[in-house]
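# Architecture at a glance
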Amino acid sequence: MPIPKNLTRTWQESLEITRKGRATAIILNKVNTLSLSAKADLLKPSPTLAITAKANAMKAEGKDIVAFAAGEPDFATPEPICNAAIDALRAGFTKYTPSSGIKDLKDAIAAKLERENGVNVAPSQIVTSCGAKQSVYQSLQILVNPGDEVILIAPYWMTYAEQIRLAGGNPVVVHASAASGFVPTIEQLQAAISPKTKAIIINSPSNPTGAVLPKPTLEAIASLAVKHGFWVIADEIYERLIYDKQTHVSFATLSPEVAEQTITIGGCSKSYSMTGWRIGFAAAPAKVASALSNLQDQVTSNPTSFAQKGAVVAFNLPSETVEAMRAEFEERRNLIYQMLSDIPNLVVPKPSGAFYIFPDVSTYIGGKIKTDVDLAAYLLEEAMAATVPGSVFEGPGHLRLSYACSRADIEKGVSRIREALSRL
Ligand SMILES: Cc1ncc(COP(=O)(O)O)c(C=O)c1O
């Protein structure tokens, strides 16, 4: 069908028409010119941030809210890290650095990856960034072509799906249930692979479930990745927060072949209580690291110079400092797991890592509470406890509770949740 002539007019032509008195043409044309990109239309506000904002507003009104919504440790950043950044500022270390990060930081990360994770990469294969979030984003940007598929294991951190779509890709979701400890079966993973599969994102320990994928599952994923030739983005940001004497398995250690297809993502936010510092990294095969660095050159350039100096100290910290925080999280995990398990009709998988617990609350959904979103809203009003609905993470019928808060808050908040649920 031929395009109607009035739809093909240029801006100048429209102006001309308007001058002649046909105002509608310019109005229509302006709408087209001033519309946002299709990418911008894809973006949704973060529900977690919205809940946190509502809980903060209630707090500001003087309400005694217990925050189980936050995704950040409540500890202060260890002092030696702060001192290093302050010293750097005082010494005038306030200028651009190489985009991918200063040598000291890349050396410290390479040494840490070898010492703690058994991952062998040269410092030149490391690109530091403004948080693991940026590292995942950039990885997807340099790997994914429009129409490519990226496999996600649900429940998953919702940022992954948004970032895949921003890269023009399509998330392909494998659902792992609470009954299976949020571990997918190999058959499920196999069924998700197609000729369009470009990558899989693995997040162990997981946000939002706290699940740690067992080594045999990781090995099976590694074999599939090598056999079918797709990339693995291994987001290991919670690697240091792991419980019950388990040890973290870094994906890139599973075989030399899979190491050539793996981007290991890490950072300072969760292990060293440095969420606001914005330091993360990607450790990747050389050609990937080079593409990541080229992209970052055009986006943010380097992460903040003096924050990098603090991060050098973080990655060299004696393990006792991190261990003290990890041990406290394990105590809190035990407490919240026990208390939630004692609530009638909740199914509570025991998390093995991170600082989240993801109970199945579906038996409390019904009547006036139609969804997990309604239940989270009810608990905020009635129990003054801020939780995040599981559907945010493609895990409907669940709630995510973060136990990055004091034991006293856990006791108070979960007691109130129990009481509020008993009234449903
Ligand atoms: C799974 C996961 N990856 C990455 C991040 C972001 O980490 P960063 O603060 O280093 O950007 C988060 C933060 O909540 C997360 O949960």
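The structure reproduced in this document is the subject of the present report. (Residues numbered from 1 in each chain as written. Predicted model: local features only at pLDDT ≥ 70, side-chain atom pairs only at ≥ 80, totals over all residues. Heavy atoms only, no water.)

### Concerning the site of the ligand
- The environment of the ligand is formed by 13 residues, the closest being Ala132, Asn207, Asp235, Ser269 and Arg278.
- Surface burial for the ligand is 93%, taken as the share of its 390 Å² of free accessible area covered by protein chains.
- Its residues assigned to classes, the shell around the ligand comprises five nonpolar, four polar and four charged. (Near = heavy atom within 4 Å. Areas by Shrake-Rupley, 256 points an atom, 1.4 Å probe, with all protein chains shown as cover. Nonpolar A, V, L, I, M, F, W, Y, C, P; charged D, E, K, R; others polar.)

### Examining the sheet that holds strand β11 (residues 388-389)
- With respect to topology, three strands assemble into an open sheet ordered β9-β12-β11, the strand pairing being antiparallel. Edge positions in the sheet fall to β9 (356-357) and β11, since each of these pairs with one other strand and no more.
- In this structure, β9 lies alongside strand β12 (residues 399-402), joined through two bridges in antiparallel fashion. In the strand pairing of β12, tyrosine 356 is matched with serine 402. (Pairing = 2+ DSSP bridges. Helix = DSSP H or I, 4+ residues; strand = E, 2+ residues; numbered from the N terminus.)

### What to know about the pattern of salt bridges
- The full count for this structure, using the stated rule, is 20 salt bridges.
- Of the charged contacts in the structure, one is a salt bridge between glutamate 330 and arginine 326, with a shortest N-O distance of 2.7 Å. Of the two residues, glutamate 330 and arginine 326 both sit in helix α14 (residues 319-341), four residues apart, roughly one turn of that helix.
- According to the relative accessible area criterion, arginine 326 is buried, its value standing at 15%.
- A salt bridge links arginine 423 to glutamate 419; the nearest nitrogen and oxygen atoms lie 3.1 Å apart.
- Connected through shared salt-bridge partners, Lys112, Arg115, Glu116, Glu239 and Arg240 make up one network. (Salt bridge = Lys/Arg side-chain N within 4 Å of Asp/Glu carboxyl O. Buried < 20%, exposed > 50% of the residue type's maximum accessible area, 1.4 Å probe, protein only.)

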